[in-house]
Amino acid sequence: MLYDSNPTLEGIKSIDEASQGSVFFKENAELGRSPGLKHFYIESYGCQMNFSDSEIVASILGDIGYAPTRNMEESDLILVNTCSIREKAEETVRKRLKVFDVVKSKRPGTKVGILGCMAERLKKKWLEEEKLVDLVVGPDAYRDLPNLIGAAEEGGRMVNVLLSREETYADISPVRLESNGVTAFISIMRGCDNMCSFCVVPFTRGRERSRDPFSIVAEATDLFQKGFREVTLLGQNVDSYKWENPETGEPTDFADLLAMTAHIDPNLRVRFSTSHPKDMTDKVLHTMATHENICKYIHLPVQSGNSRILEMMNRTYDREWYMNRMESIRRILPEAAVSSDIITGFCSETEEEHQDTLSIVEWAEYSMSYMFAYSERPGTLAARKYPDDIPEDVKKRRLNEVIRLQTAMALKHNKRDIGKTFKVLIERDSSKSADDFCGRNSQNKMCVFPKQPGLKPGDYVEVKIHDASSATLLGKIA
Ligand code: SAH
Ligand code: SF4
Ligand code: F3S
């Protein structure tokens, strides 16, 4: 998964950056209150699916007369869409609650709601632990928000953390909140049926289910007609996407869905995340090769380079299987970039096993990686079966070694692009200079280049690269 809307700083993301929150607001929207409307303020943490869910929540709240605001001091409802993936992510939310408490003491009518994975994990414990929380709503219960908010306005403290086997919010048109008007995310499935032993997601998000492909294509078509030029299809394991037409029985797999989305228009780019090494098929790779507008970029998390650790992690592949999948990518999509997620210091990991992770980072030549020190999560398979026995300083030292190597690999990867020309989709002004645009190439690398008159975000340009850091390519419009 992607962890927030902000692409990498140095071609890497460490544990702290990955759990930073983001405040949503409507672009061009009034910052103050609109008369006659109630206002909600929402902060989102964790993966891109959570950010997508906040856009569903905004849509549901819009239907009951709540408009988004950036100003929490003026809001009637403060929501925080939470992440449980690592302890640090949960600590961040606890700290934010202290800030909301101050706001609430100045504006006593304001309600505070916990959404997302931490709501699901801790359920009604919230009401016991945090006096200021009025609402606790799990990721499958957002349709119930109008009722729950109504009851909270009457003074109730409400909890709905029911998980569903069917809910995909397929019919809800997300309100694009913090949007650049060019790129958007579309959830294609929810939940996860894998049981990676370190991971809390199956507990917080429930069973895997796939969304009707026609509703996905309709959403992407609508975005294209509104001027968007790139969609990213989101799921915890997109390769296990599976939908069966209830009338004809005809199945749609992920490769089929990719092709359907790519057919909308050659000028609509299609990305996706996350691919699971155990499920990624050559059919998907061939579909990517067939369509120019399916971006040549795969996020294929390895987690560890050592087969014993991978087995303990219950990833259901080993080092050789992973290398074989990488070789298929290199054969079928020679120009593709691959990125990864890596965990250091998993239970009982030895120095030699850690070296295997370093060696696979070097071998795979990832363009980018998200890297984390193992954080034990209550209730997971690993927490129940294996002692969390690697000292914190060792986990951090190993993490730093991986980060150092990955940064060097990213630099090497990017330097190889010097002299090449890429098709780039302009996203926005560069954050460093209003004289420059930035946008990504098919391989998901951020390119920065001087503006030229007549061009705007949403346009495609050919950019010739003349310099590179570990995070960015610098070029000129060719
Ligand atoms: N579905 C995706 C991962 C989603 S979670 C996949 O299977 O690849 C995002 C990343 O967080 C994981 O890939 C893993 O690297 C990291 N992560 C998950 N649980 C963790 C934990 N307990 N400690 C440290 N990192 C963890
Ligand atoms: Fe977690 Fe594994 Fe599912 Fe990814 S595939 S969300 S790591 S259980
Ligand atoms: Fe995502 Fe965090 Fe939940 S990574 S699925 S928000 S635990």
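Relevant structure appears above.
The following paragraphs examine the structure supplied in this document. (Residues numbered from 1 in each chain as written. Chains lettered and ligands numbered in written order. Predicted model: local features only at pLDDT ≥ 70, side-chain atom pairs only at ≥ 80, totals over all residues. Heavy atoms only, no water.)

Moving on, we get to the site of ligand 2. Lining the immediate surroundings of ligand 2 are Cys192, Asn194, Cys196, Phe198, Cys199, Val201, Pro202, Gln236, His276 and Arg315. Here the shell around ligand 2 is composed, by residue class, of 6 nonpolar, 3 polar and 1 charged. (Near = heavy atom within 4 Å. Nonpolar A, V, L, I, M, F, W, Y, C, P; charged D, E, K, R; others polar.)

Moving on, we come to the packing of helix α8 (residues 213–225) against helix α9 (residues 254–262). Relative orientation of the contacting elements α8 and α9 amounts to 30°, with a least axis distance of 10 Å. Looking at the two axes, α8 sits roughly parallel to α9. Considering how the two elements wind past one another, α8 and α9 form a crossing that is right-handed. For the pair formed by α8 and α9, the contact residues are Pro213, Phe214, Ile216, Val217 and Ala220 on the first element and Leu257, Met260 and Thr261 on the second. (Axes fitted to C-alpha atoms, helices over the stretch in contact; angles between N-to-C directions. Helix = DSSP H or I, 4+ residues; strand = E, 2+ residues; numbered from the N terminus. Parallel < 35°, antiparallel > 145°, perpendicular 65-115°, else oblique. Left-handed = near helix turned anticlockwise from the far one by under 90°. Contact = heavy atoms within 4.5 Å.)

We now examine the sheet that holds strand β12 (residues 230–234). In spatial order, the strands read β9-β12-β15; together these 3 strands make up an open sheet with parallel pairing. Of all strands in the sheet, those bounded by a partner on one side alone are β9 (183–187) and β15 (269–273). Ignoring which end each strand starts from, the neighbouring axes of this sheet average 25° apart. With 5 bridges joining them, β12 and β15 adopt parallel strand pairing. Looking at β15, one finds that threonine 232 is bridged to arginine 271. Along the sheet, helix α2 (residues 48–63) makes contact with β9 and β12, crossing β9 at roughly 90°. (Pairing = 2+ DSSP bridges.)

With that settled, the discussion passes to the pairing of strand β6 (residues 111–116). In terms of burial, β6 is largely enclosed, as 6 of its 6 residues are buried. Bridge count between strand β5 (residues 77–82) and β6: 6 bridges; the pairing is parallel. Across the sheet, leucine 77 pairs through a bridge with lysine 111, a residue of β6. For the handedness criterion, the β-α-β arrangement of β5, helix α3 (residues 87–106) and β6 is classed as right-handed. Where β6 and strand β7 (residues 135–137) come together, 3 bridges link them in parallel fashion. In the strand pairing of β7, leucine 115 is matched with valine 137. (Buried < 20%, exposed > 50% of the residue type's maximum accessible area, 1.4 Å probe, protein only. Right-handed = clockwise from strand over helix to strand, strands pointing away.)

This part takes up the packing of aromatic side chains. Scanning the model with the defined rule gives 8 aromatic pairs in all. Here the aromatic rings of phenylalanine 346 and tyrosine 374 are separated by 4.9 Å at their centres, their planes lie at 75°, and the arrangement is edge-to-face. Within this pair, whereas phenylalanine 346 is found in the loop between β17 (337–344) and α13 (351–364), its partner tyrosine 374 is found in the loop between β18 (368–373) and α14 (381–385), the two being separated by 28 residues in sequence. When sorted by exposure, phenylalanine 346 lands in the same class as tyrosine 374, which is buried. (Phe/Tyr/Trp six-rings, centres within 6.5 Å; stacked < 30°, edge-to-face > 60°.)

Let us now look at the environment of arginine 211. In this structure, arginine 211 sits in the loop between β11 (209–210) and α8. Sequence separation of arginine 211 and tryptophan 243 is 32 residues, and the distance between their C-alpha atoms is 7.2 Å. A polar atom in the side chain of arginine 211 sits 3.0 Å from the backbone oxygen of serine 187. Within the local environment of arginine 211, its side chain forms a polar contact with the side chain of serine 215, the two groups lying 2.9 Å apart. (Polar contact = N/O pair within 3.5 Å; in protein donor to acceptor, adjacent residues only side chain to side chain.)

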